[in-house]
Amino acid sequence: MTKEATPLKTNSSQEDSFAFFLLDNQEFGIKVEHVRETILHKHEFTRMPCSMDALDGLINLRGSIIPIINLRSRFHLNAIQRTPESPIAIVQFNRGLFGLLFDEISEVIRVKQSEICLVETAEEDPELCNQGVISLDGGDRIVQLLDLERLFKKYNLPRINNETFQSQQVFIPRKQDITFMLNGQEYAIAVDAIREIMKPPAIKRKILVHPAIKGVIELRGKLINIVDLRNYFNFPAEGILPESRIIILQGDLNCGILVDAIKEVIQYDEDLLLAVPVLQKSQDHISGIVALEDGRNIIKLDTEHLFDNKLIQQLQGNMKLHAEDLNSGEDVKHQEGGNSSEIKDKVLISFRLDNNYAFDITLFREIINYSAAIVPLPGQQHYQEGLLNLRNSAIPIINLRKYYAMDNHTNVNEAKIIILNLPEKTIGIMVDEIIEIVKPARMDVERIPQLSHDAKGKTANHVREGYRLKTTSGEEKSLLIYDVEQFIRDIEVPAGNIDVPAGENGCLRSMSL
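Along each chain, the written sequence defines residue order, and numbers are assigned to residues from 1. Totals for whole chains, interfaces and linings use all residues, but because this is a predicted model, local features are given only for residues with pLDDT of at least 70 and pairs of side-chain atoms are given and counted only at 80 or more. The basis for every side-chain value is the complete set of heavy atoms in the structure, and neither hydrogens nor water enter the calculation.

### Points about the pattern of salt bridges
Filter applied, for reference: By definition here, a salt bridge exists when the distance from a side-chain nitrogen of Lys or Arg to a carboxyl oxygen of Asp or Glu is within 4 Å. Relative accessibility decides the category of a residue: with a 1.4 Å probe and only protein chains considered, values under 20% of the type maximum give buried, values over 50% give exposed, and everything between is partly exposed. A run of H or I in DSSP counts as a helix once it spans at least four residues, and a run of E counts as a strand once it spans at least two, with each numbered from the N terminus.
One pass over the full model with this rule turns up 18 salt bridges. A salt bridge links Arg230 to Glu238, with the shortest nitrogen-to-oxygen separation between them at 3.7 Å. The class for Glu238 is partly exposed, based on a relative accessible area of 37%. For Asp432, the salt bridge goes to Arg401, with nearest N and O atoms at 2.9 Å. With Asp432 in the loop between strand 30 (425–431) and strand 31 (433–438) and Arg401 in helix 7 (residues 400–403), the pair connects residues that are 31 residues apart, well separated along the chain. A residue is classified by how much of its surface remains accessible, and Arg401, at 8% relative accessible area, is buried. Among the ionic contacts, a cluster of salt bridges with common partners joins Glu186, Lys263, Glu264 and Arg296.

Take a look at the structure:
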């Protein structure tokens, strides 16, 4: 028997939607049009005597009897104990319904035909269940594409006819949603409102005008805004975890939402969607509560009214900012220059502290004005301004002028505070003013050779290098590259927990430095 992989011979720009599942740490894909829903079945299967080895049993799904195929047995993989969290994909084949038992739901994603390679066999192999592979991420990620006909042909499975029973039922419109977890609560979004679901890739971010805007991703040449739904709903912050997923929504906004985990695909009668009493001024983003028979109450979101007008405007502005970078060709190779090529790949934020300094914008979170609410602490270092309760987070504020033994601000209320985005800690630094966002990719860049100690000034220990930049309009400027990370390593911050005075909510908070 021989196998050959050939690209699918169709329009290469055409896209199809696939549901990806994990099985023994391998990814398998099924066309979404074949997947009716995914479920979690917490009860035992009904065992059939003298049944085939891959048939785990039968379940009753809303009056339909569904045979459950154990794909580990079908593919001769090591057996594991099924758990209540093991997903079952209900697929439609030859007008019959079958359940496929997987380890985990991975993603729902749109795939170009050019990314699919079909496997052609010279002779029929009863064990062969895939019809090809999907090549993603430049070939680093391979997903096997399941062929349902080959999967079931070995067993010559009969179709269990549920049509007679269903024809006797009163027709009630049914809905199909994808459910996900957020802060311990299950939510749902209509399947037809979702473009695809994916694992979070690298997210690019600049100035976040709204704290819920995580940044943007580039998906097949298009920019997609990412909204952290935890932040938007004012839930406690949580980093991106292995089970986190991004749901790309349909619509003109080109937006995705970051959620804790995808749970399953559900189908339910329309009358199970219950209206929610008006509890607050604006709850247009909630369609109702899906009250399932097993006692689960799922909050269904209306994606057309999910975001308020303020966030929509800022999403549009954030998209324009990143689109400028995409169109400017920042990611293409720059002129040879050795020392200046590294800085040309970055976007910098510049500030003044007697001289002009800049650092990588990825280390930046936000800018705030000096606040009289900064609370000095007993025994703090001379350069520590104190602690600021910023949206219920205690943030130490460092006065750079005091740290570098410069004259203090003439009017401290005119100072700006840069909140830094650092791993596992958040710190604010006081500067004279914020100058601008600098994009060296659009400028002529020249590294200043042998930068003298005097040129670096009192900040010499934290200045890596200096550059002269010239814009297309002929404007020239000089910048000293400030090493934020080295500065943070050098400052002496007392260890331990520090009690923070109560914020607006009256809660006493504690932070660890």
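### Things to note about the packing of aromatic side chains
Quick reminder of the rule: Paired rings are identified among Phe, Tyr and Trp, the last through its six-membered ring, by centres lying within 6.5 Å, and are further divided according to the angle between planes into stacked (under 30 degrees), edge-to-face (over 60) and tilted (the rest).
The final tally for this structure, using the stated rule, is 16 aromatic pairs. Relative to Phe233, the ring of Tyr232 has its centre 5.9 Å away and its plane inclined at 35°; by these criteria the two rings are tilted. An identical accessibility class is assigned to Tyr232 and Phe233; each is buried. Both rings, one in Tyr383 and one in Tyr403, keep their centres 5.0 Å apart while their planes meet at 80°; by these two values the pair is edge-to-face. Here Tyr383 is found in the loop between strand 26 (364–369) and strand 27 (384–390), whereas its partner Tyr403 is found in helix 7, with 20 residues between them in sequence. Owing to a relative accessible area of 4%, Tyr383 belongs among the buried residues under this scheme. When its relative accessible area of 22% is taken as the criterion, Tyr403 is described as partly exposed. Grouped by ring-pair contacts, the aromatic residues Phe351, Tyr357, Phe359, Tyr383, Tyr403, Tyr404, Tyr482 and Phe487 constitute a single cluster.

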